[in-house]
Amino acid sequence: MLKRLKLKNFTVFADCNFSFSDSLNVIIGENGSGKSHLIKIIYSLIAASAESGKKFNLNPTEPTKNFLQKEYADKLVHVLRPEYLGRLARRKQGRDRCEIELEFSDGNLDCHLSFSTSSKSEVQIEKLPTKWQEKFPVFFPTRELLTIYPNFISIYENHYLEFEETYRDTCILLGALSLKGSREKIIAEMLAPLEEAMGGKVILDKNGRFYLYLPGQGSVEMPLVAEGLRKLAMVARLISTGSLLDKGYLFWDEPETNLNPKLIKLIAKVILNLSNNGIQVFIATHSLFLLREIEVLSKNDQYKSLNQRYFSLNRDIETDGIEQGDTLDEIKSILILDEELRQSDRYISGYYE
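Thresholds, definitions, all that
- Residues numbered from 1 in each chain as written.
- Predicted model: local features only at pLDDT ≥ 70, side-chain atom pairs only at ≥ 80, totals over all residues.
- Heavy atoms only, no water.
- 1 Å grid on protein atoms, 1.4 Å probe; cavity = no way out; pocket = protein on both sides within 12 Å on 5 of 7 lines; lining within 4 Å.
- Points joined across faces, edges and corners; volume = space filled by probe spheres on them.
- Helix = DSSP H or I, 4+ residues; strand = E, 2+ residues; numbered from the N terminus.
- Buried < 20%, exposed > 50% of the residue type's maximum accessible area, 1.4 Å probe, protein only.
- Expected span 1.5 Å × (residues − 1).
- Contact = heavy atoms within 4.5 Å.

Caption draft 1: Quick peek at the layout of surface pockets. What the largest pocket holds in volume is close to 400 Å³. Surrounding the largest pocket, 15 residues form its lining, Ala50, Lys54, Phe136, Ile172 and Leu173 being those nearest its centre. The dominant element in the lining of the largest pocket, judged by the number of residues it contributes, is helix 1 (residues 35–55), at 5 residues.

As structure tokens, then:
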């Protein structure tokens, strides 16, 4: 599990330290405050290590600086999509080095790297991990991917597309085979509320197309399924393949997008269930409804043991624009709450005029 992240001069972050929960981490803030950048930075470095380990089949070969300095750089560029690596530097006068440092519960995974504003394709590794990440992280972008899945991986790898690499990575995981064996019961329990909400099961046919199978009605092409349900279908698929099962990482950018309040309630429960099952979850959100639902559900006995951590990114506050705490009550600046209260005041004033 990731314990801490230190950033210096990276995009909007000047000099920041984040301490994470091993269960659920919720990042809030206005547009442009760095929410998506934050989860993409972490994802990029974990994914680069996992991909590299897969290339070496996780054999005893240890990571080397010569190999990882390019792998880290490539992943950061392909995920965040700057013109070149140095463009990820915080925009200010003069030159200074960018630094990223990750600290894990397993110290063998710790890494520290840096690069300058003129760096093109390699980072300087200050601290080298001595082992590979064993499980590939999962990244959910704001839109669903099941409808673009057919042939997307092949097209992405053979043509230049203006899609961040998280799309390709997640599509690879979506195409994995469903797990069988001793963990089927756990998977079935986790899938039950999702399949009830969708009204059926997610199916991948031999032609590489996803369908929603509705008992008594047959299969429905995924593009004909409501987008909110397609997002649930992505979660269901990755649970069934084992990508979201046991000691992994989930990064989810605005999970509430295109969901009605009823489905947001279900997503909140899914997020807590995944955390309960050993997944370290990071979500970036604008939704006060989702925040409150997580707070309400976390008081239930089944979730009381889960550790939570909240981060508010706000350029107007001190401490480099970051507040962090174990509960929402510890966060003084919550923009979405402030705006909702202001809207309520305007609504009430207009009603009684």
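So, next bit.
Caption draft 2: Structural view of unusual backbone geometry. Positive phi, close to 65°, is recorded for Asn151, a residue that is not glycine. Here Asn151 is to be found in the loop between strand 7 (138–140) and helix 3 (152–158). Take Asn151: its relative accessible area is 56%, and that puts it in the exposed class. Unlike most non-glycine residues, Glu254 shows phi in positive territory, near 50°. Relative to the helices and strands, Glu254 resides in the loop between strand 11 (249–253) and helix 7 (261–276).

Caption draft 3: How the structure looks around helix 2 (residues 65–80). Look at helix 2: 22 Å from first C-alpha to last across 16 residues, which is about the 22 Å you get at 1.5 Å a residue. Residues of helix 2 that are buried: Leu68, Gln69, Glu71, Tyr72, Ala73, Lys75, Leu76, Val77, Val79 and Leu80. If you follow the buried residues of helix 2, they end up packed against strand 1 (2–10), helix 1, strand 4 (98–104), strand 5 (111–115), strand 6 (124–127) and helix 4 (165–174). Within two residues after helix 2, Arg81 carries a phi angle of roughly 65°, on the positive side.

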